[in-house]
Structures are given as C-alpha cells and as structure tokens.
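Secondary and tertiary structure notes
Each chain is listed here by its residues.
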Amino acid sequence: SLFDKVLFVEEKKQLRFGSYPCCEQKEMLSKVSNNMVKHVGQSLSSLELKPDAVIVGGGISGLTAARRLRESGLVVLLLEKARRLGGIWSGRGTYECLRLQQHKDVFRFDGVEWPSSTPDYPKAHDVKSQIAAYVKKHRLDDCIQLGAQVTAIKRDEQFGLWRTRYIYDECSPEIEIESRFVALATGSLGSPIIPKGLESSLQLFQGSKIHSADYYRPTSYKNRNVIVIGWGASSVEIAADLANRGDCNSVTLVAPPKFDENIAKFYEDWCLSRDLGREITKNFCADPTRSEASLEYRNDLLRDAMATRHPGLLEALPPPLRPKSGPIDGRIIVSEAFNDALLAGKIRVIAASIIGAEPNALHVKEASPSKDIKIPATDLIICTGYTPPLPRLSNLMQPKPTSTDFYDTMWAPECPNAAFLGLGFGFISISLLCDLQAKRLAQVATGSVSLPSVTEMNAWISSVKAKNLMGTTQCLTDNKYFSQLFGGINQQSSTITAAIKTPLTTSSRQQLNTSVRQFSTQATPDESKLSSVGQEINSSRFSSEDPSKAYAAWAETYDDDSFEVLKFDSPYTTRDYVLAYWPTTQEKNIRTQILDVGCGTGAVARLVHDELPHATTQRSDWHGLDLTPEMLAVAKRRGQYNTLRQWSITDTPWPVPENAFDLAPCNGVLMYVKPQLSVFAEFCRAVKPGGHAILMIRDDNIDAWQPHMDELERQRAWRLIEVSEPRDNFPGRDDNEPPIMYRIYVLRILPRQN
C-alpha cells in the first residue's frame, strides 16, 4: 500500500547490481523477494541485482518518473524520506483553504480521471486522493521505500555508476545501492525559512509567530490583530482566509516590493483570479501543443479579464505593489478571494519592510513614500518561503550541480546520467511537466535518445537564458519555448510495453496490509462469517448503549471480524498518521512515548510496530487506556505495551502524568463517548508541547465534537494542522448499507500559557 515500507536491516550492506537478461532477471527478482525482506535482527545475504535508476523523492515528479521508467522495462527503486507519498500534497503543511491554481482539466494525472464530484479547482485532499489512485493504477507501491533518508549520492566514474546511500533512522546503518541513473525529485520547496534579518527584527515581539507551513485554518485568530508577512501564493490565500473566515479584529498584509532598475520603480507580481471563465483561465498555463498562442496574446486576454472581474483592483493596491508587467510574466499568485477581500476593505495592504518590533506591534518602513509606521499586532504569519533546491542538492551530491539552470530543464552538465525533475516553474501544469520530463528520462535511460556533450549543453543553457522571459532555462510560461522542449514527445516512442520488474517487493505481512486496504478490487466479503456478536454490532452501525459490555463479548473475535471480514480501515490510517508524525531525534537515549487512548486489542500499536525499524521500536514506550478489561487482556497478550490501564476517558483527569507523551492516537472510541471539553483537554494536558493528538472521528459524530475542538484551539491549547480525506471505515460491509465515513484530525499541542 501507499504506506508500506519494505526493507528493514540491522547492518550495513552494499546492494551490488549487474545486468541480467529479462527472463533471468524476473526469476532472480522472485527469489530476491523471499530473501531481501527479513525479520528484524536478520541481516541481508549478498545480492547481485541492479536497478537501472534510483529515484529520490515520492512526490508527483518522482512517482511519474517511476511509472514511465517501469513501463520502459527498467528496474526502479524510489526512496522517500517521509513515511507517506505525495510530497507537498501528502497533507502535512497544506492549509484547509488550499486549492489548485489550475483548472482540473489542466492539472491531470495520466491514466487517472478526476471523480465527477471534484470541484473545478480541486482541494488538497482531492489531489492527495488522485496521487494515491495514480500509484494504485500503475502498481508503483512495490518499488517504493518509505522512511528512507538519502545521505549521499556519489558518482563512480570508473564504473559509470551512481552510489546512493540511505538510512531509516539515526540508529540504523547506512545502505548503499548502485544504479546507472539517478533522478532527483526532491521538489522545489525544502524546509520553511525565515530570513535572519527578519528574525532579528522580530525579536521583541511577544505574540504568536508561525511560518505559513504551520497554518491550517483561522479558528484561533478570532478577535485578534493579525499581520501576514510576504507577497506570494501563500500570503494572499492566508490573508483572504483570515479576512473571510477568521472573525479577526484586523488583517494586515505587509509586503516588501521588488525594484525594477530599468524603470526605477517598485512593483510586484499580479495576483490573478481563478473565476475568469474556463476559456480565459485555460490560458494561465503553458501548453506545448498551442505554440501559436503567444505570450503577448495570453497576457492581453488575462489583463482584460482581470479588469472586468475586479474593477479598480490595481488602484486598490499601494503604488509600489502595482504590477508593471503582463499578468503571467512573473510568479504564479492566484486568489480571487484575496482580490475580493482587498476591494471590500477587509484587508489592509502595506508596501513596506519590517524594521523592528514591540511586544504587541511591528515597526515598518513604507517603500513609497518613505515613512515609518507602527502596526498593532497580536499574531504574525510569516510567508517567506522555503529552502531552494540547489543547496539541498549540493549537500547530497558529488559531483554537485552548480546551478538550477538545466539542459532541457532537467540535466546538469556536470552530473552525468542524473535527472533533476519537477523544477520548472512559471505558469505551467506541474503534473504535465513531470510527465513530459519522465518520458524524456525514459528515452535517455533506454538509449533511444542521446544527450549532447557537456560543451553543447552549456552552450544551449547560455542561449536559452539570454532569450527566456525570466532569464532562466526553467521558466516555461511561453508556449513556444515549452513546445520546442517537449512538443513532440507524445508522438515519439518514449516507452515500450514490458513486464514490470522491481528490485524490492513487500513482505507477506505487508502484502496482507495491502490486500486489506485495497478493498475495492475484492468481492464483497460474506458478513455471515462474522461472529454472532460481530453481526449484532455491525447491524447497529457500531453504536451501543453499553459499549463496554458489547466489546467485552466481542474481544476474542474482534480482530478477525474487523480486519478479515469488515476490512476495518481506520487502524491502518491511524497507523499512517502515527508514522508521519513520529518524532525524530538525534539522541539515542531519548525514548518516544505514546499514549494509545482507547487502545482496544492493540491494533494500532501492532500495525505501527510492524512498520518501524527494530531500533526505533526498541526506543519507544506504549501506554494504553481502555474501558474494557477483556479487550485489554488481548492487548496484553501481544506484549507491545509497557503499561495498560482500565479507564473511561470521560473520567478526567486520566491516570497519566502531564507533558509526558509525544503522540496520542485515538481510534474508534469517540463515537461511544459523550462529547465534552474535558476529554479533549486531557490530550492537551498529557501530550508534550509540540507533540500531537491523532484523532479518528466519524463524519456522523464530528458536529458534536467540533465545538470542543474549536474552543481549545481558540484557547491556544492546541492547533489543528491536518485533516485526512474522508474514508469508508468498513468497506467490507454490505454495499446496500450506507458507508460509515471518518477522517483523521491531527492537532499539535501548544506550549502552556501562563
């Protein structure tokens, strides 16, 4: 499945690869699948196996490359440091109001259709679901290793190979693997950054400060004076969200403008709107099949449409922020909500630089006319971007790229057989670009296309930079340039149909997990196989006047009924979120503490233990609370808990210390509990600041719990940072019965306030 990780090792081994005829390789791979995935504590035997390419990164560009390379008959290994796929779309760091800037007809995944219910501009969870569907459609999961942190990528010129080293956590040994090609698909956005100068200017500010990466929704900003810092895609969307839904006292956006030396004027990029009409917005993104639609034509079309949709918009901006170029000549910034809120007077926009702070205010210097202003503030949301690709790539690679101006947008002359994917920008569809780059990579890797010499690459790069809109090879807004690069690639024979080969396959344990989660491909299970107690609880839609009595009777057959017949989904999803938010530490003597609230038979603990490396599980302690002794008895037999305690979670305080736990998952419990603030408050008391509560809540139950969740967020006790897509909890139930939908809510515990 998406969340399976397939290789656990306890000692450093080198995986050395050699060429094999296709039929022999297939037979050998089958044997390797039985030898490579070992139980914890066993070492890998010496292996002779060769992936043609190692891909680093499990976002859209990495997954697309894996698909196209495998279709070309090549062996691929994809390494993703996170414990889930999707890159920036995996869920963490995406805010609630986030939507695609492009229409869904433009942002598409080849071979996967958007569901008919998808809005024209899909939300983050829609994109996440499409990525999952893409992985499943193209059977990519068996070539992926999650939780694999790449530490070095070095070129061996003697043998013409790349050597990639990676680890699973700070206590595990390095693994080294060789390949002919490497594909760097680590994305354009690294870790959140706050410039040192800005950080220094804000030292005296005593209100809350977060980077935009930590913003999810405006609930906690009611009656507050909020300043959003920056001018870009995140800042305008977040400012609009606060103005429209936050019930704030004030929302101010402070943006330092750019300066154009040619015209000696300040300026900023356009903030465009999505709702200009389908015929207009399709011209947002470059299209390699429409080279006749010039940049000038598209700019004129969008400029007129923006004037019609938002009369007076440019005049509402401070003069230093008014665009001086065409609508699509700069960065992609899109938010009709911001434009509407600005015109309605809901957002104050100031073109200024921050020069200092007081405990409850910022001092800024306006760009034009130059003067100092004091702005009252209780909260700051800092939208200053992320680490760029080049420093991250340079720290990994030897030889390293000297620039992110690449030949063909993806080849660094100094790095032979290394492709850098997904780093194009401008008004383009990233999904389209990634697919075209993946096809080109497959052509080169299979030998159907040859790359030019280093000298020729460098000459091409210099020539393109001199003519490009933004002075770089990577800006693809111009249809003509995009067409010259990739216009004919779909007509070329870039792939061949071949048997899918993989260097790694899932263990039998993980294959079981996959079969449970990929329920839609199976026949509906026979509910008559449920135990008598299971049938009774199933018929009640898992509601009971006396849940302790019901689950006491169900304890011994609970797992078989839930997992084998009903295909219980939420324990797996809860596991995935526990893994995603598992704390990382460089100190080997620090133990991770987990409080499993309503642990039942211990399903979540068992699933998490099955996925983590042995060294990590050995440095974690599990503590369980549950109302039912019979369920606790089953959990105790499994031996994965340090402590188990019979307790009703409505009986507060819980018998656990304060600030003691890193994670507190709670799966399948809250629908049996009377909603009350004191229950949620116990998560905030027991979990350390910076730790996370991971709550599974059914859709038919969230309305009762939501006010308490919101109240604690307004009190700054915790902050909601992620919500999963809706999922059917029991896909094995009769198709004629309405589904039981649920979501996972991740809440970060905040420092205690005095």
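One numbering rule holds for all chains: residues counted from 1, following each sequence as written. Where totals are concerned, whole chains, interfaces and linings use all residues; where local detail is concerned, this predicted model gives features only for residues with pLDDT of at least 70, and gives and counts side-chain atom pairs only at 80 or more. Neither water nor hydrogens contribute to the side-chain values; these are computed over all heavy atoms in the structure.

**Side note on the overall build of the protein**
When you go through the protein residue by residue, the secondary structure sums to 23 helices and 27 strands. Residue burial is assigned from relative accessible area. The probe radius is 1.4 Å, only protein chains are included, and a residue is buried under 20% of its type maximum, exposed over 50%, and partly exposed in between. Burial statistics for the protein: of 754 residues in total, 56% are counted as buried. We call two residues in contact whenever any of their non-hydrogen atoms come within 4.5 Å of each other. Restricting to contacts in the protein with at least 6 residues of sequence separation, those with at least 24 account for 74%. Note that accessible areas follow from Shrake-Rupley with a 1.4 Å probe, and for residues the cover is restricted to the protein chains shown. For the protein, the exposed area adds up to about 30,500 Å²; of that, 48% sits on carbon and sulfur atoms. Only DSSP runs of H or I covering at least 4 residues are called helices, and only runs of E covering at least 2 are called strands; the numbering of each starts at the N terminus.

**Things to note about the sheet that holds strand β9 (residues 208–211)**
Strand order in the open sheet formed by 7 strands is β9-β17-β10-β11-β14-β15-β16, and the pairing between neighbours is mixed. This sheet does not close on itself; its edge strands, each paired only once, are β9 and β16 (372–376). For this sheet, the mean inter-axis angle between neighbouring strands, taken without regard to orientation, is 40°. For two strands to pair, DSSP has to find at least two bridges joining them. Bridge count for strand β11 (residues 250–255) against strand β14 (residues 348–358) is 4 bridges, and the pairing is parallel. Residue pairing for β14: A255 is matched across the bridge by A351. Whenever a helix is involved, its axis is fitted only over the stretch in contact; in every case the axis is a line through C-alpha atoms, and angles between N-to-C directions fall within 0 to 180 degrees.

**Considerations on the pattern of salt bridges**
The salt bridge definition used is simple: a Lys or Arg side-chain nitrogen within 4 Å of an Asp or Glu carboxyl oxygen. Tallied over the full model, the rule gives 48 salt bridges. Residue E268 is joined to R331 by a salt bridge in which the shortest nitrogen-to-oxygen separation is 3.0 Å. Remark: R331 occurs in the loop between α8 (313–316) and α9 (336–343) and E268 occurs in the loop between β13 (265–267) and α6 (278–281); sequence separation between them is 63 residues. Classification of R331 as partly exposed rests on a relative accessible area of 33%. Residue E711 is joined to R714 by a salt bridge in which the shortest nitrogen-to-oxygen separation is 3.5 Å. Taken together, the positions of E711 and R714, both in helix α23 (residues 702–714) and 3 residues apart, correspond to about one turn of that helix. By sharing partners, the salt bridges in this structure join R67, R68, E71, D110, D435 and K439 into a single network.

**Quick notes on the nonpolar core**
One broad trend across soluble globular proteins is that nonpolar side chains are buried collectively. To define a nonpolar core, start from buried Ala, Val, Leu, Ile, Met, Phe, Trp, Tyr and Cys residues and group those joined through side-chain atoms within 4.5 Å. With 86 residues, the main nonpolar core has W231, L242, F338 and L441 as its most contacted residues. If we ignore the near neighbours within four places in the chain, the residues touching F338 are W231, V236, A239, A240, L253, C271, I347 and V349. Counting residues in hydrophobic clusters, the runner-up holds 34 residues, among them A693, W705, A717 and Y745.

**Details of the packing of aromatic side chains**
What characterises a pair of aromatic rings is the spacing of the ring centres plus the angle enclosed by the ring planes. Here the aromatic set is Phe, Tyr and Trp, taking the six-membered ring for Trp, and pairing holds for ring centres within 6.5 Å; pairs whose planes are under 30 degrees apart are stacked, those over 60 apart are edge-to-face, and all others are tilted. Taken as a whole, this structure holds 16 aromatic pairs when the rule is applied. Seen from their ring centres, F109 and Y134 are 6.0 Å apart, and the 55° between their planes marks the pair as tilted. Residue F109 is found in the loop between β3 (76–80) and α3 (124–137), and its partner Y134 is found in helix α3; the two are separated by 25 residues along the sequence. By relative accessible area, which is 6% here, F109 ends up buried. One aromatic cluster in this structure is built from W654, F680, F683, W705 and W718. By the criterion adopted, a ring carries a charge over it if an Arg CZ or a Lys NZ lies within 6 Å of its centre and within 35 degrees of its normal. Sitting above the plane of the Y221 ring, R716 keeps its charged end 5.3 Å from the centroid.

**Concerning the side chain of R719**
On the secondary structure map, R719 appears in strand β25 (residues 718–723). Here R719 occupies a buried position and makes no salt bridge, while the nearest side chain of opposite charge, D214, is found at 4.8 Å. Residues scored as charged are limited to Lys and Arg (positive) and Asp and Glu (negative), so that His and the chain ends carry no count.

**A look at helix α21 (residues 629–638)**
The set of residues buried in α21 consists of M631, L632, V634 and A635. Down the axis of α21, the sector holding all buried residues measures 155°, keeping them to one side. Away from its buried face by more than 90 degrees, α21 exposes K636 and R637. Once α21 finishes, G639 follows within two positions and takes phi at roughly 75°, a positive value. Directions drawn from the helix axis to the C-beta atoms are what define this arc.

**Points about unusual backbone geometry**
Between Q398 and P399 the backbone carries a cis peptide bond, its omega angle lying at 0°. Looking at the element boundaries, P399 is found in the loop between β18 (397–398) and β19 (418–420). Here the bond from T652 into P653 is cis, since omega is 0°, no more than 30 degrees from zero.

**Let's talk about the sheet that holds β19**
With parallel pairing, 5 strands are arranged side by side in an open sheet as β4-β3-β2-β8-β19. Each edge of the open sheet carries a strand with a single partner, namely β4 (144–146) and β19. Mean inter-strand twist for the sheet, computed between neighbouring axes without regard to direction, equals 15°. Summarising the sheet, strand β2 (residues 53–56) and β3 pair through 4 bridges and their orientation is parallel. Each residue of the ladder has a partner; that of V54, found in β3, is L77. On top of the sheet, helix α11 (residues 430–446) reaches β8 (181–184) and β19; it is set at about 170° to β8, its chief contact.

**Re the confidence of the model for the protein**
Overall, the predicted model of the protein reaches an average pLDDT of 84, with 84% of residues at or above 70. Values of pLDDT, which run from 0 to 100, indicate the predictor's confidence residue by residue. Low pLDDT (under 50) marks residues 491–499, which in the prediction has 17 contacts with non-local residues, meaning those over four places away or in another chain. Ignoring residues within four places in sequence, the model shows residues 504–523, a span with pLDDT below 50, making 48 contacts including any to other chains.

**Brief notes about a nonpolar patch on the surface**
On the surface, F425, L469 and M470 cluster together to form a nonpolar patch covering roughly 230 Å² of accessible area. In this fold, F425 is placed in the loop between β19 and α11. Under the relative-accessibility criterion, F425 is labelled partly exposed at 34%. Residues enter patches when their relative accessible area tops 30% and they take part in no salt bridge; the joining distance is 9 Å for like charges and 5 Å for the nonpolar side chains Val, Leu, Ile, Met, Phe, Trp and Tyr.

**With respect to the environment of K467**
Among the structural elements, K467 can be located in helix α12 (residues 454–467). According to the relative accessible area criterion, K467 is exposed, its value standing at 68%. When the C-alpha positions of K467 and Y481 are compared, they lie 9.9 Å apart, and in sequence the two are 14 residues distant.

**Observations concerning the pairing of strand β7 (residues 175–179)**
Remember that side chains alternate between the two faces of the sheet whenever the strand is regular. For β7, the buried fraction is high: 5 of the 5 residues fall into the buried class. Every second residue of β7 is oriented toward a common face, with I175, I177 and S179 on one face and E176 and E178 on the other, all of them buried. Where strand β6 (residues 161–167) lies against β7, 5 bridges are found, and the strand directions are antiparallel. Residue pairing in the sheet places R163 in a bridge with E178 of β7.

**Observations concerning the side chain of T164**
Turning to its location among the elements, T164 is positioned in strand β6. Classification of T164 as buried rests on a relative accessible area of 0%. If we ignore the near neighbours within four places in the chain, the residues touching T164 are V54, L79, V150, A152, I153, I175, E176, I177 and V182.

**Some details on the environment of I375**
Tracing the backbone shows I375 in strand β16. The buried category is assigned to I375, whose relative accessible area is 2%. Between the C-alpha atom of I375 and that of V364, which follows or precedes it by 11 residues, the distance is 7.8 Å.

**So, the packing of helix α22 (residues 677–686) against α23**
Close contact between α22 and α23 brings their axes to 9 Å; oriented N to C, the two are set at 45°. With respect to α23, the element α22 is oriented oblique. Crossing of α22 over α23 shows right-handed handedness. Across the interface between the two elements, L677, V679, F680, A681 and C684 of α22 pack against W705, H708, M709, E711 and L712 of α23. Here the contact of α22 with α23 is built from residues that sort into 8 nonpolar, 1 polar and 1 charged. An angle counts as roughly parallel when it lies under 35 degrees, as roughly antiparallel when it exceeds 145, as roughly perpendicular when it falls between 65 and 115, and as oblique in every other case. Crossing handedness: left-handed means the near helix sits turned counterclockwise from the far one by under a right angle, and right-handed means the same turn made clockwise. Ten residue types, Ala, Val, Leu, Ile, Met, Phe, Trp, Tyr, Cys and Pro, are classed as nonpolar, four, Asp, Glu, Lys and Arg, as charged, and the remainder, Gly among them, as polar.

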